[in-house]
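Next come the chains, spelled out residue by residue.
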Number of protein chains: 2
Amino acid sequence: MVKRYNSKKIEQLIYNIYKGYGFTEKESQEVAHMLIYTDLIGIESHGVQRMIMYDDFIRNGKIRVHNQPEVVKETDVSAVVDAHFGLGQLNGIYSMRLAIEKAKQHGIGIVTTRNSGHYGIAGYYANMAAEEGLIGLSSCNSRSAMLPTHATKALVGTNPIAFAMPANPNTFIFDAATTTVPQGKIEVYRKLGKDMPALWVAKDGETPVNSHNDTKDLDALRDLDSNVGLAPLGGVTEDTGSHKGFGLGVIVEVFTAILSMGNTSNEITPDDLSVGPCQSFVAIDPSIFGDKDAIIAKFSAYLQAIRDLPSVPGKPVIVAGDKEAAAYQDRSANGIEIDDKTLAEVTGIAKRLGIDYAQYVD
Amino acid sequence: MVKRYNSKKIEQLIYNIYKGYGFTEKESQEVAHMLIYTDLIGIESHGVQRMIMYDDFIRNGKIRVHNQPEVVKETDVSAVVDAHFGLGQLNGIYSMRLAIEKAKQHGIGIVTTRNSGHYGIAGYYANMAAEEGLIGLSSCNSRSAMLPTHATKALVGTNPIAFAMPANPNTFIFDAATTTVPQGKIEVYRKLGKDMPALWVAKDGETPVNSHNDTKDLDALRDLDSNVGLAPLGGVTEDTGSHKGFGLGVIVEVFTAILSMGNTSNEITPDDLSVGPCQSFVAIDPSIFGDKDAIIAKFSAYLQAIRDLPSVPGKPVIVAGDKEAAAYQDRSANGIEIDDKTLAEVTGIAKRLGIDYAQYVD
């Protein structure tokens, strides 16, 4: 069952858990803010729920609590950061702040990072720049999951692209895997016992795996050497634009792994503690192109023209960021949604760390 | 019928035609090189064939032969260019050169342009940067053609994204509309009397228009107020990722029209001589991130791993740029392909301008 919980209290619980792991007060605040933000905008798969995976990683040494990100190369407009396998979120916040600082001073900042960890939703980092009045972009690679067009074996990651820009009434936030759907969505459908409504998974290059009962094939998604993989955005044939999603995935690989000289998707294996994903963080100051207020007003008017289009009955046209803004308002007032299993696991972590959690989940 | 013609001779013919319009020697050389390159890499729809459209535009004043691009705002890493409705190709070459110069001096250059014209393939400009050892990106907007997800009326342009980066053996060149296919592909299928093999065109938001005999609906694609439009990359439903292609189209609008304060897609009407599309040009020097040779070697190895994947029988895995490189080699040796109708139209233009064209097309 899914219940609603006060976001301020859960944020405090997360803070205490991360303090319990040995992170500093500031670090624990930053992680808690990032994870709770994710739940507040309605992306439950990547917020509180992810604490269980991070808990595993902290215990097995994949996430190294005391390691700090280090700038290994830098210019006025760029930096390469080695995250030294610290927590992905902390590396992300550090690196995007660096990009923002560069953009404020020189107009643009591009930071690439290597040896990082799972950093949650890419949109959080892009939005950090938007909150400072800038354009933000962020991407990460992941272990091989996407089938390059015609390939019978995955090689490119799910490689999301996030873009955020200030607009009224809502910040425009785009955050999308370059596969048709991310891995987590398949897991949700399996848990719910629902068949996939489109070609999200394929075997042998082109054969759809649509039934939630295709247990063997769906399990094989996690096997890097299997004949099963996620379809790129655009499906698995050129007719539907498969090569475009595939190409975008490769471009993300350039801005993450290639330009940081880190691990490409095919080098990332889940159990190897000496490899990790790579990320990129871009901030651009719109005022290097013109009057910032006029630019934002023009963009807002353009987005409003899109919202005002006639649409399929019952299906409004939704601009990226609008759903998230509505969820944020709702959950800030009425609480974030946590299912019983996740709550039990998170309170289990708290208990293990000796935290008196009852006050946060009443 | 399609015949092969010597690319050097056709390039000379194009040069003479553009000189005949009143462009300078240097300008005519640049346009001829750009158009012939497009045919050499096998994209016949956007090379010599496009001269007929440009001829119309030059005669009706949409393209203003003597107008020069002007930098209206500039920083070390950015510029806004007003093209003053000069030829799109010349504006594109000028603006990408400016981005390249900035990248060589400061690591990164972003140039946005307004009041431009149709500039041919975006990939040409991205490749200009790659030829200088840099990463290049280029995008343009166009009049409304894409249906935002659920909308029954088009608003976003076909808005391609091009990305190029040096690699061995071939430069990686990605160049793709953010619609499933560009407008021109629909025209090709109609001319050939072939039905569309996928959901490329939709009416009323979701209904496929697949038959080449749907004359009324397909004609309505050109009517900005109609209920017909192109599907975004990812189709017309969220299940297939429609919102992703739509969002990418909006991001292109930001980098072209919004950041240049030019005309957004919904402001571009074909017959209005006072509006024009906008473009963006980005160059990034990989050496601000590390040793350039090592970065290119790492990227080349990654692309080779993709090429080497097992694939669907008879369908190899193709990396973006490989097809173009093979076409370039073939057509440089054996000639570019021009159909009789296009040749007659182009020689008609030459004749009108008093050019002795026979020597170029024998």
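Fair warning: this is a prediction, and the values are worked out from it, not measured in the lab.

Caption draft 1: Summary view of the overall build of chain A. For chain A, the count of helices and strands is eleven helices and twelve strands. Dimensions along the principal axes, computed over C-alpha positions, put chain A at roughly 55 × 50 × 50 Å. Taken across its 362 residues, chain A has 61% of its residues classed as buried. Here the analysis covers contacts within chain A between residues at least 6 apart in sequence; of these, 67% occur between residues at least 24 apart. Here chain A has roughly 13,400 Å² of accessible surface; of this, 50% comes from carbon and sulfur atoms. One way to put it: in chain A the 34 positive side-chain charges average out to a point 2 Å from where the 44 negative ones average out.

Caption draft 2: Fine view of the relation of the copies chain B and chain A. Here chain B sits on chain A after a turn of 180° about the axis and a move of 0.0 Å along it, with an RMSD of 0.0 Å. Taken together, the turn and the small shift mark the pair as related by a two-fold rotation axis. Within chain B, B:Gly234 has its C-alpha nearest the rotation axis, a separation of 2.4 Å. The fraction of interface residues of chain B whose copies in chain A are also interface residues reaches 100%, indicating that both copies meet through the same surface.

Caption draft 3: A look at the pattern of salt bridges. Evaluated as defined, the whole model comprises 48 salt bridges over all chains. One salt bridge connects A:Lys323 with B:Glu238, and the closest N-O pair in it is separated by 3.4 Å. Of this pair, A:Lys323 sits in helix H10 (residues 322-334) while B:Glu238 sits in the loop between strand E10 (228-230) and helix H8 (242-260), each in a different chain. Among the residues examined, A:Lys323 registers a relative accessible area of 45% and is labelled partly exposed. On the basis of relative accessibility, which here comes to 32%, the residue B:Glu238 falls in the partly exposed class. Between B:Asp217 and B:Lys203 there is a salt bridge, with its nearest N and O atoms 3.2 Å apart. You can see B:Asp217 sitting in helix H7 (residues 215-220) and its partner B:Lys203 sitting in strand E8 (residues 201-203), a full 14 residues away along the chain. Given a relative accessible area of 24%, B:Lys203 falls into the partly exposed group.

Caption draft 4: Expanded view of the environment of A:Asn115. Residues and elements named next belong to chain A. For Asn115, the location among the structural elements is in the loop between strand E4 (108-114) and helix H5 (122-130). On the accessibility criterion, Asn115 (14% relative accessible area) is buried. For the pair formed by Asn115 and Ala257, sequence separation is 142 residues and the distance between their alpha carbons is 9.4 Å. Other than its neighbours up to four places away in sequence, Asn115 contacts Asp82, Ala83, His84, Phe85, Asn263, Gly276 and Pro277. Within the structure, Asn115 has its side chain in polar contact with the side chain of Asp82 (distance 3.2 Å).

Caption draft 5: Structural context of the nonpolar core. With 74 residues, the main nonpolar core has A:Phe163, A:Ile284 and B:Phe163 as its most contacted residues. Setting aside chain neighbours within four positions, we find A:Ile284 in contact with A:Ala103, A:Gly107, A:Ile108, A:Leu134, A:Ile135, A:Leu137, A:Phe289, B:Ile110 and B:Phe255. Counting 60 residues, the second largest nonpolar core, distinct from the first, contains A:Val31, A:Cys140, A:Ala283 and A:Leu343.

Caption draft 6: Here's a closer look at helix H2 (residues 25-40) of chain B. Residues and elements named next belong to chain B. Its 16 residues give H2 an end-to-end C-alpha distance of 22 Å, which sits within 8% of 22 Å, the value for a rise of 1.5 Å per residue. Within H2, twelve of the 16 residues are buried, leaving the element largely enclosed by the surrounding structure. Within the span of H2, buried status applies to Glu27, Ser28, Glu30, Val31, Ala32, Met34, Leu35, Ile36, Tyr37, Thr38, Asp39 and Leu40. Looking one or two places after H2, you find Gly42, whose phi comes out positive at around 90°.

Caption draft 7: Structural context of the sheet that holds strand E9 (residues 207-208) of chain B. Residue and element names in this part refer to chain B. Pairing is antiparallel in the open sheet, where three strands are placed in the order E9-E8-E10. Each edge of the open sheet is held by one strand with a lone partner, namely E9 and E10. Bridge count for E8 against E9 is two bridges, and the pairing is antiparallel. Residue Lys203 lies in a different strand from E9, and its bridge partner there is Thr207.

About the cut-offs
- Along each chain, residue indices are assigned from 1 in the same order as the chain's sequence is written.
- Numbering of ligands from 1 and lettering of chains from A proceed in the order in which they are written.
- pLDDT decides what is reported in this predicted model: residues at 70 or higher carry local features, side-chain atom pairs at 80 or more are listed and counted, and totals for whole chains, interfaces and linings draw on all residues regardless.
- No hydrogens and no water enter the side-chain calculation; it runs on all heavy atoms of the structure.
- Strands here mean DSSP runs of E at least two residues long; helices mean DSSP runs of H or I at least four residues long; both are numbered from the N terminus.
- Buried means the residue's accessible area, taken with a 1.4 Å probe over protein chains only, is under 20% of the maximum for its type, while exposed means over 50%, and partly exposed covers the values in between.
- When checking whether two residues touch, look at their non-hydrogen atoms; a contact exists if any pair is within 4.5 Å.
- Residue-level accessible areas treat just the shown protein chains as cover; the underlying method is Shrake-Rupley with a 1.4 Å probe.
- His is not counted here, nor are the chain ends, while Lys and Arg score as positive and Asp and Glu score as negative.
- By convention, the charge on Lys lies at NZ, on Arg at CZ, on Asp at CG and on Glu at CD.
- Superposing the copies works by least squares over the C-alpha atoms of residues that have pLDDT at least 70 in both of them.
- For this analysis, a salt bridge means a side-chain nitrogen from Lys or Arg found within 4 Å of a carboxyl oxygen belonging to Asp or Glu.
- Counted as a polar contact is a pair of N or O atoms within 3.5 Å, where, for protein atoms, one must be capable of donating a hydrogen and the other of accepting one, and residues adjacent in sequence contribute only when both atoms are in side chains.
- Definition used in this section: a nonpolar core is a set of buried Ala, Val, Leu, Ile, Met, Phe, Trp, Tyr and Cys residues joined via side-chain atoms within 4.5 Å.
- To estimate how far a helix should extend, the number of its residues minus one is multiplied by 1.5 Å.
- A pair of strands is considered paired only if DSSP assigns at least 2 bridges between the two.

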